[in-house]
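Below are the chains, spelled out letter by letter.
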Amino acid sequence: MGRITARRRVTRITIGAAALRQEDVLAVEEPLEIRVGGRALVITMRTPGHDFDLAAGFLVSEGVISGRDDFAAARYCAGAEVDGENTFNVLDVTLGFGVAAPDPSLERNFYTTSSCGICGKASIDAVRTLSAFTVAGDTVQIDASLLATFPGRLREGQNVFDKTGGLHAAALFDAATGEMLVLREDVGRHNSVDKVVGWAVTNGLLPLRSTVLMVSGRASFELAQKASMAGIPILAAVSAPSSLAVELAAELGMTVVGFLRGPSMVVYSSDERIISEKVAIS
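From a predicted model like this one, the values you see are computed outputs, not experimental measurements.

Caption draft 1: The arrangement of the overall build of the protein in detail. Helix and strand counts for the protein come out as seven helices and 16 strands. For the protein, the residues scored as buried account for 50% of the 282 residues in total. Sequence separation of at least 24 residues holds for 53% of the intrachain contacts in the protein that already meet a minimum separation of 6. Summed over its atoms, the accessible surface of the protein is roughly 13,500 Å², and 53% of this surface lies on carbon and sulfur atoms.

Next up, the structure:
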């Protein structure tokens, strides 16, 4: 749709040099209203593109669906128009036969921002969602030297980030082969993960056993929860995890790796999945 980036005239200022007027490229941020069976569920701020994956992944993270057959169809709604053109910002999902509609308690009071995937939840209890899958029994292991290559490969695939510097990214890797299965970018870190999970569910790949979810920023509680809802055993991030993310991971038997940069990393939970030299206790 050509709406992933936008151009704008800016003034670039460097101390000690003349100000420069030039054109810059920005990452687009627009609202997407997700409806289920014609009923509004949430409005999320996102970068347009892979919206069907985003909707499917969001429904997985909310515990509404857990497999390809649960997601029957999605379509952009007619009538959502600006200047006579469809905005493609309202999406209606049809659930599979026999799949229960979302509980009204899941409906967001306002909207989900691009920085928070759980903002607007109707209650604190609604923040925690039970997964249809377990990760504790996943015996996958990955060599630390292979895992260390993932951030660079993630960065190489961030095409829109190269233009704007303003997008998060998430990628799914096969832990056995190191193959990158899919990569998605978005202004919201949670949206990029939902797009990855949505791609997986619509391709019939859930639960995502023996995989690594690599994210470009920090590992927050919401990302750990989204990984668990998709059955992902290893969550890796280039930055720090939050205490709540680590607590959740430890409870579920998920491996969380933070500060994955160059040859070093910090494993915060279930370190038996990361194969490395003998650990020295200090």
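Caption draft 2: Quick look at helix H7 (residues 243-252). Burial in H7 covers these residues: Ala245, Val246, Leu248 and Ala249. Considered in projection along H7, the buried side chains sweep an arc of 165° and stay on one side of the axis. Set apart from the buried face of H7 by more than 90 degrees, the exposed residues are Ser243, Glu247, Ala250 and Glu251. Residues of H7 that are buried make contact with helix H6 (221-229), strand E14 (255-261) and strand E15 (264-269). Just beyond H7, the residue with positive phi is glycine 253, at close to 85°.

Caption draft 3: Main features of the confidence of the model for the protein. Mean pLDDT for the protein: 87, with 83% of residues reaching 70 or above. The least confident element of the protein is strand E6 (residues 81-82), whose mean pLDDT is 58; the most confident is strand E13 (residues 234-237), at 98. Low confidence marks residues 120-127, where pLDDT is under 50. Its contacts with residues over four positions away, or in another chain, come to 16 contacts.

Caption draft 4: Focus on the sheet that holds strand E11 (residues 180-186). Read across the open sheet, the six strands follow the order E11-E10-E12-E13-E14-E15; overall the sheet is mixed. At either margin of the open sheet sits one strand with a lone partner, and together these are E11 and E15. The sheet shows a mean angle of 20° between the axes of neighbouring strands, direction not considered. Pairing of strand E10 (residues 168-174) with strand E12 (residues 211-215), which is carried by five bridges, proceeds in the antiparallel orientation. When the sheet's bridge partners are listed, alanine 170 is paired in E12 with valine 215.

Caption draft 5: Looking closely at the environment of methionine 229. Residue placement: methionine 229 occurs in helix H6. Judged by its relative accessible area of 3%, methionine 229 is buried. It is 8.4 Å that separates the C-alpha atoms of methionine 229 and proline 207, two residues lying 22 residues apart in sequence.

The rules we used
Residues numbered from 1 in each chain as written. Predicted model: local features only at pLDDT ≥ 70, side-chain atom pairs only at ≥ 80, totals over all residues. Heavy atoms only, no water. Helix = DSSP H or I, 4+ residues; strand = E, 2+ residues; numbered from the N terminus. Buried < 20%, exposed > 50% of the residue type's maximum accessible area, 1.4 Å probe, protein only. Contact = heavy atoms within 4.5 Å. Areas by Shrake-Rupley, 256 points an atom, 1.4 Å probe, with all protein chains shown as cover. Arc of directions from axis to C-beta. pLDDT = per-residue confidence, 0-100. Pairing = 2+ DSSP bridges. Axes fitted to C-alpha atoms, helices over the stretch in contact; angles between N-to-C directions.

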